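A structural walkthrough
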Amino acid sequence: METKLFGTSEYDIAEAGKMIAEGKLVAFPTETVYGLGANALNETAVRNIYLAKGRPSDNPLIVHIAEKEDIVPLVKEVTPKAKALIDAFFPAPLTIILNKSDKVGKVVSGGLDTVAVRMPKNEIARKLIKASGCPIAAPSANTSGLPSPTRVKYVIDDMMGKIDGIIDGGDCEYGVESTVITLATDVPTLLRPGAITKEMIEAVIGEITVAPAVLEGMKNDEVAASPGMKYKHYAPKAKVVIVNADKKEYERFVNAQKGAFALCFDDDEVTIPKVTFGRENDDLSQAKELFDSLRELDEMGAKKVYARIPHKDGVGMAVYNRLIRAAAFCIIDLTKPFTVGLTGPTGAGKSYVCEIFRQKGFKIIDCDKIAHELTAKNAPILTELASEFGEDVVKNGELDRKLLASRAFDTKEHTKKLNSILHPAIIKRCKEEANGLTVLDASQLFEANMQNDCYKVIGVLADENVRIKRIIARDNITEQQAKLRMSAQFDNDYFIDNCDYIIYNNGEDIAAQTDNILEVIL
Ligand code: TXA
Ligand code: MG
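Described in the following lines is the structure provided in the data block. All residue numbers here refer to positions counted from 1 along the written sequence of the relevant chain. Key to labels: chains lettered from A, ligands numbered from 1, both in the order written. Per-residue local features are limited, in this predicted model, to residues with pLDDT of at least 70; the limit for side-chain atom pairs, both in listing and counting, is 80 or more; totals at the level of whole chains, interfaces and linings are taken over all residues. The side-chain numbers reported here are obtained from all heavy atoms of the structure, hydrogens and water having been left aside.

The next subject is the sheet that holds strand S22 (residues 454–461). We call two strands paired when DSSP finds no fewer than two bridges between them. The secondary structure listing takes helices from DSSP runs of H or I that are at least 4 residues long and strands from runs of E that are at least 2 residues long, numbered from the N terminus. Across the sheet, which stays open at both edges, the five strands sit in the order S18-S21-S17-S22-S23 with parallel pairing between neighbours. In this open sheet, the two strands that pair with only one neighbour each are strand S18 (363–366) and strand S23 (501–504). Neighbouring strand axes in the sheet, compared pairwise and without regard to direction, differ in orientation by 25° on average. One ladder, built from three bridges, connects strand S17 (residues 338–343) with strand S21 (residues 438–441); its direction is parallel. Within S21, the position partnered with Leu342 by the bridge is Asp441. Contacts from helix H18 (residues 510–521) reach S17, S22 and S23, with the element oriented near 165° to S23. Between the N-to-C directions of two axes lies an angle of 0 to 180 degrees, each axis being a line fitted to C-alpha atoms and, for a helix, fitted only over the stretch in contact. The contact rule is simple, with two residues in contact once any of their heavy atoms fall within 4.5 Å.

Structure representation (structure tokens):
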């Protein structure tokens, strides 16, 4: 099919409008992203939109109108809240969902009883709708699954040869699609955040809810309020990972990731290849550039991309919502003191796994070593231990570890007491030492309740007989003593239930297991 390229002269718009009236497909600029338009009241034309985009047919389209009153024939009723929003915002990057009238067909509404309506602010878009003499159904003019087109060149990339015309109206003002709100439910619900923010809407109609899928992934069994929510949208070819960290921490992390790309803000000091998406405290600039930068990363051949995290309020909610989908919901949280908490019962081989992390550039914090240092000769904590467990556990400033063990591990009560003295001091010191990518090596991670200070917790486990052999060889003790020690710790099931990942160390290739986990979390 030959695709005609139009400018924005009156003559061009009149011709493009005629094409739409005839049932043809024309892509056109809006203030958000480019749309792929067809006569909304012509079911065959609308069906062709789905074909050109490769879009699932249960995902309904937005119907675009040129004047506020053009919504009336499309819906059952313009409710008071709808009227308030229309008066306050239209024309705007805002889409309102209401119960549909019989005029709106099943194809455009994706089989639903509702219809999404929007009056774009972009003048070329409104002139086109007027010229066509009909409401225009238009999704974003990208191939389904790719980032929405914010520049005409991306429309040409995706749609050339598949549709009848493309109007070149320059770059889009906002760069993210319109805000979508449904008023067809009891409580107005934000289905897709955009440049008209939650705060702006609430100032007009009072409190609204935000559909959970806006900021989180959808659960497998959840029914989508908006069918568009369930598809993995805006997917670039690269694997994108969002890094939750402040500017300094992000820079330090990303600059150590050789072979990867950074998707960062203008002022970030990044030494690996990068593409920027706006300024840190300017969500409008981020919205405008996000999709463009995702496409650019693909053009550069990026395989792995670490993205700076946007703020979630104002227009930032829209930026975050698009980025988190591009990242398939993968976020590294570096705001926690420890990147990885490594735990597991004695004899499972934690230290071996630690060594692998050390070689990969992680800093290792060894809790046992810290516990030892904190109880070294004349350490202040010894006074506390002596007053709790008897003055004779400290002799000449030196801790009698055997004697303390015999008194502290005889009952659960005493063990608890010991932990209440040691754990706070250990936790404090560990946090002081944490710095950048850090592994916390802590057999008592759960006892000390440090799991929430770790981005991910990995348990290292081994079969009981394997562990017994290792402990006997390592500590030169009897089988009975080894078993006694093991019985004081959580069993394997506890670790399986409470860790994010498990490494089995019965002699398998644990380097490969560690690599697999790192591939998923970083
Ligand atoms: O800014 C925009 O809205 C752009 C420009 C071209 O106007 N259009 C756009 O359309 O983004 P599209 O089709 O890519 O996204 C429309 C979204 C989809 O997530 C769809 O599921 C949802 O709106 N939607 C449409 N009608 C709906 C309805 N009746 N109920 C629930 N969700 C609906
Ligand atoms: Mg779209």
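Back to the write-up after that little detour.
In contact at an axis separation of 10 Å, helix H11 (residues 367–374) and helix H14 (residues 412–433) are set at 115° when each is read in the N-to-C sense. Handedness of the H11/H14 crossing: right-handed. Note on element contacts: H14 touches H11 through Ala425, Ile426, Arg429, Cys430 and Glu433, opposite Cys367, Ile370, Ala371, Glu373 and Leu374. Gly is placed with the polar residues, together with every amino acid not listed as nonpolar (Ala, Val, Leu, Ile, Met, Phe, Trp, Tyr, Cys and Pro) or charged (Asp, Glu, Lys and Arg). Residue composition of the contact of H11 with H14, grouped by class: seven nonpolar, no polar and three charged. Each crossing gets its handedness from the near helix: less than a right angle anticlockwise from the far helix is left-handed, clockwise is right-handed.

Here a Phe, Tyr or Trp ring, Trp counted by its six-membered ring, pairs with any other such ring whose centre lies within 6.5 Å, and the pair is stacked when the planes are under 30 degrees apart, edge-to-face when over 60, and tilted otherwise. This structure, assessed with the given rule, holds eight aromatic pairs. Judged by centre distance (5.1 Å) and plane angle (90°), the ring pair of Phe253 and Tyr306 falls under edge-to-face. One end of the pair, Phe253, is in helix H7 (residues 247–255); the other, Tyr306, is in strand S15 (residues 304–308), with 53 residues separating them in the sequence. The buried label goes to any residue with under 20% of its type's maximum accessible area, the exposed label to any with over 50%, and the partly exposed label to all in between, with areas taken from a 1.4 Å probe on protein chains only. Taking the relative accessible area as the measure of exposure, Phe253 reaches 3% and is therefore buried. In this structure Tyr306 comes out as buried when scored by relative accessible area, which is 4%. Geometrically, the ring pair formed by Phe446 and Tyr494 is edge-to-face, given 5.4 Å between the ring centres and 85° between the ring planes. In this pair, Phe446 sits in the loop between S21 and S22 while Tyr494 sits in helix H17 (residues 492–498), placing the two residues 48 residues apart along the sequence.

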